[in-house]
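Each chain, letter by letter, is given below.
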Amino acid sequence: MRLVAILLGILAAIGLLLGLLPLLGWLNWLLVLPPAVLGLILAVLARDRGATTLNVVVLGLAALRLFLGGGVL
């Protein structure tokens, strides 16, 4: 479960980099948030601090991007 949580966090981070580009903020809803939330759940269940931290940081940055872009009010 630890490896899956880390892989989901890495995939979400790659999607986050794409979602930071102008006009691609909608990718955060599709490619970042679902895998990061699933990775966070798996990381908490596996009690892996590194994967938990990775997924929380990715979720925080994606939420900040959505908030600044008007995707979350």
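Residues numbered from 1 in each chain as written. Predicted model: local features only at pLDDT ≥ 70, side-chain atom pairs only at ≥ 80, totals over all residues. Heavy atoms only, no water.

> Help me understand the overall build of the protein in this model?
Along the protein, the regular secondary structure elements total three helices and zero strands. Going residue by residue from the N terminus, the α and β elements of the protein occur as α-α-α. The globule rule puts the C-alpha radius of gyration for 73 residues at 11 Å, and the 12 Å found for the protein is close to it. Over its C-alpha atoms, taken along the principal directions, the protein stretches across nearly 35 × 20 × 15 Å. With 73 residues in all, the protein has 34% of them scored as buried. Look at the contacts in the protein between residues 6 or more apart in sequence, and 64% of them connect residues 24 or more apart. (Helix = DSSP H or I, 4+ residues; strand = E, 2+ residues; numbered from the N terminus. Rg over C-alpha atoms; globule rule 2.2 N^0.38 Å. Buried < 20%, exposed > 50% of the residue type's maximum accessible area, 1.4 Å probe, protein only. Contact = heavy atoms within 4.5 Å.)

> Got a minute to help me understand the nonpolar core in this structure?
Generally speaking, a soluble globular protein has its nonpolar side chains buried in company with each other. Formed by Ala12, Leu16, Val32, Leu33, Ala36, Val58, Leu59, Ala62 and Leu66, the largest nonpolar core amounts to nine residues. Of the residues forming this core, the biggest block, four residues, is contributed by helix H3 (residues 49–69). When neighbours within four sequence positions are excluded, Ala12 is seen to be in contact with Leu31, Val32, Pro35, Ala36 and Val58. (Core = buried A, V, L, I, M, F, W, Y, C linked by side-chain atoms within 4.5 Å.)

> Explain the pattern of salt bridges here, please?
Where charged atoms of side chains with opposite charge meet at close range, the side chains can pair. Under the counting rule described, the total for this entry stands at one salt bridge. One salt bridge connects Asp48 with Arg2, and the closest N-O pair in it is separated by 3.7 Å. With Asp48 in the loop between helix H2 (27–46) and H3 and Arg2 in helix H1 (residues 2–19), the pair connects residues that are 46 residues apart, well separated along the chain. Judged by its relative accessible area of 11%, Asp48 falls in the buried class. (Salt bridge = Lys/Arg side-chain N within 4 Å of Asp/Glu carboxyl O.)

> Where do I start with H1 in this structure?
For an α-helix the count is 3.6 residues per turn, leaving residues at separations of three or four pointing the same way. The terminal C-alpha atoms of H1 lie 25 Å apart, and with 18 residues this matches the ideal 26 Å at 1.5 Å per residue to within 8%. Turning to H1, its buried residues number three or more, namely Ala5, Leu8, Gly9, Ala12, Gly15, Leu16 and Gly19. Taken down its axis, H1 places every buried residue within 125° of arc, on the same side. Away from its buried face by more than 90 degrees, H1 exposes Leu3, Leu11 and Leu17. Looking at the buried side of H1, the elements it contacts are H2 and H3. (Expected span 1.5 Å × (residues − 1). Arc of directions from axis to C-beta.)

> What is the right way to look at a nonpolar patch on the surface in this model?
On the surface, Leu3, Ile6, Leu7, Ile10, Leu11 and Ile14 cluster together to form a nonpolar patch covering roughly 550 Å² of accessible area. If you trace the backbone, Ile6 turns up in helix H1. (Patch = residues over 30% accessible without salt bridge, like charges linked within 9 Å, V, L, I, M, F, W, Y side chains within 5 Å. Areas by Shrake-Rupley, 256 points an atom, 1.4 Å probe, with all protein chains shown as cover.)

> Help me out: how do you make sense of the packing of H1 against H2 in this one?
The packing of two helices is summarised by the inter-axis angle and the distance between the axes. The geometry of H1 relative to H2 is characterised by a closest axis approach of 8 Å and an angle of 155° between their N-to-C directions. In terms of orientation, H1 lies roughly antiparallel with respect to H2. Our pair here, H1 against H2, has a crossing hand that is left-handed. Between H1 and H2, the contacting residues are Arg2, Val4, Ala5, Leu8, Ala12, Gly15, Leu16, Leu18 and Gly19 on the first element and Leu27, Asn28, Leu31, Val32, Pro35, Ala36, Leu38, Gly39, Leu42, Ala43 and Ala46 on the second. Within the contact of H1 with H2, the residues separate by chemical class into 15 nonpolar, four polar and one charged. (Axes fitted to C-alpha atoms, helices over the stretch in contact; angles between N-to-C directions. Parallel < 35°, antiparallel > 145°, perpendicular 65-115°, else oblique. Left-handed = near helix turned anticlockwise from the far one by under 90°. Nonpolar A, V, L, I, M, F, W, Y, C, P; charged D, E, K, R; others polar.)

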